[in-house]
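The residues making up each chain are set out below.
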2 protein chains.
Amino acid sequence: MDIESTAQEKSRFFAGASGQVKSLPGNLKVRVISISKSIKKLGQDDPRRLTHSMKVGLALTLVSLLYYARPLYDGFGVSGMWAVLTVVVLFEFTVGGTLSKSLNRGFATLLAGFLGLGADYFARLFGKKGEPIVLGILVFLLAAAATFSRFFPRIKARYDYGVLVFILTFSLVAVSGYRVDELVVVAYQRLSTIIMGGATCMLISIFICPVWAGEDLHKAVASNLEKLASYLEGFGGEYFQSCEDLGKAVGSKDGKSFLQGYKSILNSKNSDESLANFARWEPGHGRFPLRHPWKHYLKIGALARQCAYQIEAINGCIGSDIQASQEFKSKIEGSCTRMSAECAKAVKALATAMKTMTDPSSANPHVENAKAAMRDLKFALKAASLQNADFLAIVPAATVASVLVEIVKCVEKISEAVHELSQLAHFTKTLEPTVSPEKPQQLLHRGIIQPVSGGDGNDNVVITIHEISTDSPENGKPDQKVPKTGQRLMEV
Amino acid sequence: MDIESTAQEKSRFFAGASGQVKSLPGNLKVRVISISKSIKKLGQDDPRRLTHSMKVGLALTLVSLLYYARPLYDGFGVSGMWAVLTVVVLFEFTVGGTLSKSLNRGFATLLAGFLGLGADYFARLFGKKGEPIVLGILVFLLAAAATFSRFFPRIKARYDYGVLVFILTFSLVAVSGYRVDELVVVAYQRLSTIIMGGATCMLISIFICPVWAGEDLHKAVASNLEKLASYLEGFGGEYFQSCEDLGKAVGSKDGKSFLQGYKSILNSKNSDESLANFARWEPGHGRFPLRHPWKHYLKIGALARQCAYQIEAINGCIGSDIQASQEFKSKIEGSCTRMSAECAKAVKALATAMKTMTDPSSANPHVENAKAAMRDLKFALKAASLQNADFLAIVPAATVASVLVEIVKCVEKISEAVHELSQLAHFTKTLEPTVSPEKPQQLLHRGIIQPVSGGDGNDNVVITIHEISTDSPENGKPDQKVPKTGQRLMEV
């Protein structure tokens, strides 16, 4: 419809001499339509943005009552504008952001106010002539020291705004003390209006459609895991299929969306860290108590990024122009596809466990399966012998195999981190009647019957049978008594 | 000394009953020493932090003159505090940051001031009773709309502070207009003090030890390239040496610093982008004219990150526990070491060209050499035949080779981007008497004599001879007429 209207505009443009004049309102209309569309998209992507905007408007209008209502005005005087200023400056998108700024502002104002009064008192000791000089020196020293403290990463992360307000208030109090005699009255009025503004912000942000930074962090980390899972889920098929049919135009076009999702994880560090910083300030809410281990989410986030870096390295292999050896590929296809698929299932199970805050041990069998597939891959590689070994053609597939091994290790670490989180945050235990969660490893080494639900709804059962081997999987050089690995895939 | 004093404290602690009381000032001393050490380190890491702190102190003290000097005070009244507030809020570390905030604040204040006056005039039309209601609705609507506009990424990046000030000023002017009758006088006083505060900030930040965001961006991107170069320089030796001597404790300890440098590149996106945003606001300075292509630095930065992701993927291979096949490794060692070394030289030359703002074509031969080494690697892989092919042992080395190929491609893109930058920013051309920069490819395909200066000062000459081949290097499947690659290494 957008294109149609511009086409109409164009045809009109060439229609006659007055075309250009006529098209102007039309062009304006097109621009207005495109802007309103982007506004609509912005609102639809996250409807909380709309409510946040209205909450800010509401808080400002409420605080303006300080001016409108005469009794309040007589009480507070011009200081009422501090309430307006406070609301505009303090109101942040998340509850944590608002609270952190409010508390920072409150404590900094108090501390700086007292220090400013002290500085003022101290300066008066030096007489009429000495007072401005001493005050000037004190303001210079305090401002310089406080500004320097903002370079400390810890202070920068948590108290940056507090230090800013400290400098501001100290200068104002110390300097206006020289002029205004009823300083204490002014300070009282100012502080009470600031508290009023801050309280309005806090109450509205907590009680009207609250946006919790902690919940956002929780969801963001879980959704990053899901993005990893959906990549790994599709990778095996995409990579090993892409060579089978060279006319892969349809497959890659469909695949683009889930193969690109992980890219947003690469640069997630800053947003994760700021959310975690804000979450610290939030009271208990919903499923998250006061001392929820928010810092631990950063650990999981870092591991997810680590995994995404590895994916970035193999993502180029899908569309690679180097033709991989079909013979070699077929030798590793089974174990590689299984590694990728089992990692995907494990990460998905971990993401689900995080989202529902339940025990993540349902991921354990998948992690073990992925590790078993990794060992299978090693045996397959050791046993492989090719008729005509063209190493150039082997390199790309070998790279995929090697990076998948790294990904399995990374997924194991993610699983450990989520398990730690589940203990720290007391995730609820779910009953698992079939597999005892205490000793999954012992069971898995003997054999597993693991129902696998395919994407199209057809159910497969994978039966993997391993003998118990004593060699450590990390060693990679098992002794000559290589355990026989049997594996059958049965379509049900 | 630090440890000694704590040891003394401890011995004193057990000496007698009064020990604990005595040790308190000692512990305090230790803490003070450790804090002052970290302050010293922070200052030494970047001495501009100290000057910045003093500049803020100076600006605040200067602006306080507005209060101290009686004639000024009589002129401006309490509005003088707006100058103090302006300085505290506007003064940023970089010139671009200060200018962007100042201009945002200036324009937003003007616009919101006029709109506020208009709103006030409009509301008066509704009589005494309607006025507060109409004003309230207007404040709500404007504040909500402006808050929503902050979610647009473009506005967020450049005008976030301006929108904040707009909401603030509009509310203040519209609301105080209801009370203060001499609104225009107040507005004039407020604006003039704000301009005075802003001008103080801008002048001090531009003329006293200025910190230019543009220069910082320029240096940061160049230094990221240098970090990549120093990794690639060391990688070949580190990887192929690490298996030769298994007792590699000394080598890896020495190597830690340059092998970790690239990690800071992985998360450089945000700082690069904010620097580029600030640099846009800066006037011409030093070697950078007004319309310097700052946006182009982001492109180079993104490619450097891309390269760092690849490095992250092979970095694990250095300390890998899987023993790579020595036979296979020795077959690819020559070309892989050369790829890594030539990439390092190319990236280093590009970084130097950026730093000195000279023509980057001295990197071209190295890029070509790296590509030649890449082709050599392909031929070596095609020609390789191993006695007992253990594929498990081949995988890690093959991965390194494959990722190095990706790195060579990435370095070529970086080289292109730096060349584009050199044209956009008019880097000075340097005379190169030996190699004509127009046709290095033609020359290089025939044969190169390239002096290689080793780290220990002994000079080698590498003579690489290729026949002109018609197959594209990307194809990877050259036809059967494989060109013979002769290569000799002569110690001079």
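What counts as what
- Residues numbered from 1 in each chain as written.
- Chains lettered and ligands numbered in written order.
- Predicted model: local features only at pLDDT ≥ 70, side-chain atom pairs only at ≥ 80, totals over all residues.
- Heavy atoms only, no water.
- Salt bridge = Lys/Arg side-chain N within 4 Å of Asp/Glu carboxyl O.
- Axes fitted to C-alpha atoms, helices over the stretch in contact; angles between N-to-C directions.
- Helix = DSSP H or I, 4+ residues; strand = E, 2+ residues; numbered from the N terminus.
- Parallel < 35°, antiparallel > 145°, perpendicular 65-115°, else oblique.
- Left-handed = near helix turned anticlockwise from the far one by under 90°.
- Contact = heavy atoms within 4.5 Å.
- Nonpolar A, V, L, I, M, F, W, Y, C, P; charged D, E, K, R; others polar.
- UniProt positions renumbered as here; feature names shortened; annotations may be inferred.
- Buried area = accessible area lost by both parts, 1.4 Å probe.
- Polar contact = N/O pair within 3.5 Å; in protein donor to acceptor, adjacent residues only side chain to side chain.
- Least-squares fit on C-alpha atoms with pLDDT ≥ 70 in both.

(A) Quick look at the pattern of salt bridges. On inspection of all chains with the given rule, the structure shows 37 salt bridges over all chains. Here the salt bridges do not stand alone but share partners, grouping D46, R48 and D216 of chain A into one network.

(B) Expanded view of the packing of helix 5 (residues 80–90) of chain A against helix 5 (residues 80–90) of chain B. Where helix 5 of chain A contacts helix 5 of chain B, the axes come no closer than 15 Å and their chain directions differ by 20°. Judged by the inter-axis angle, helix 5 of chain A sits roughly parallel to helix 5 of chain B. You can see that helix 5 of chain A and helix 5 of chain B cross each other, and the crossing is right-handed. In this structure, helix 5 of chain A contributes M81, W82 and L85 of chain A to the contact, and helix 5 of chain B contributes M81, W82 and L85 of chain B. Residue composition of the contact of helix 5 of chain A with helix 5 of chain B, grouped by class: 6 nonpolar, no polar and no charged.

(C) Layout of the UniProt feature "transmembrane region" (unreviewed entry) in chain A. Residues and elements named next belong to chain A. In the numbering used here, UniProt assigns the feature "transmembrane region" (unreviewed entry) to residues 50–69, 75–95, 107–127, 133–152, 159–179 and 191–213. Segment residues 133–152 splits into 85% helix and 0% strand. End C-alpha atoms: 30 Å apart. The annotated region residues 191–213 carries 78% helix and 0% strand content, and the separation between its end C-alpha atoms amounts to 28 Å.

(D) Geometry of the interface of chain A and chain B. In this assembly, 80 residues from chain A lie in contact with 80 residues from chain B. Interface area for chain A against chain B, summed over the two sides, is near 7600 Å², with a carbon-plus-sulfur share of 72%. Joining chain A to chain B, the criterion identifies 0 salt bridges. The interface formed by chain A and chain B includes 6 residue pairs in polar contact (both at pLDDT 80 or more). Of the residues assigned to the side of chain A that touches chain B, the class counts are 46 nonpolar, 21 polar and 13 charged.

(E) The relation of the copies chain A and chain B, seen in detail. Placing chain A over chain B gives an RMSD of 0.1 Å and needs a rotation angle of 180°, together with 0.0 Å of translation along the axis. One copy is carried onto the other by what is essentially a two-fold rotation axis. The C-alpha atom lying nearest the rotation axis in chain A is that of T399 of chain A; the distance is 2.2 Å. With an isologous cut-off of 70% or more, the 99% of interface residues of chain A that recur at the interface of chain B puts this contact in the isologous class.

(F) Just the environment of M354 of chain B, in detail. Residue and element names in this part refer to chain B. The topology assignment puts M354 in helix 15 (residues 326–356). It is 9.7 Å that separates the C-alpha atoms of M354 and S223, two residues lying 131 residues apart in sequence. Once residues lying within four places of it in the same chain are set aside, the contact partners of M354 are H218, V221, A222, L225, Y297, I300, V418, L421 and F427.

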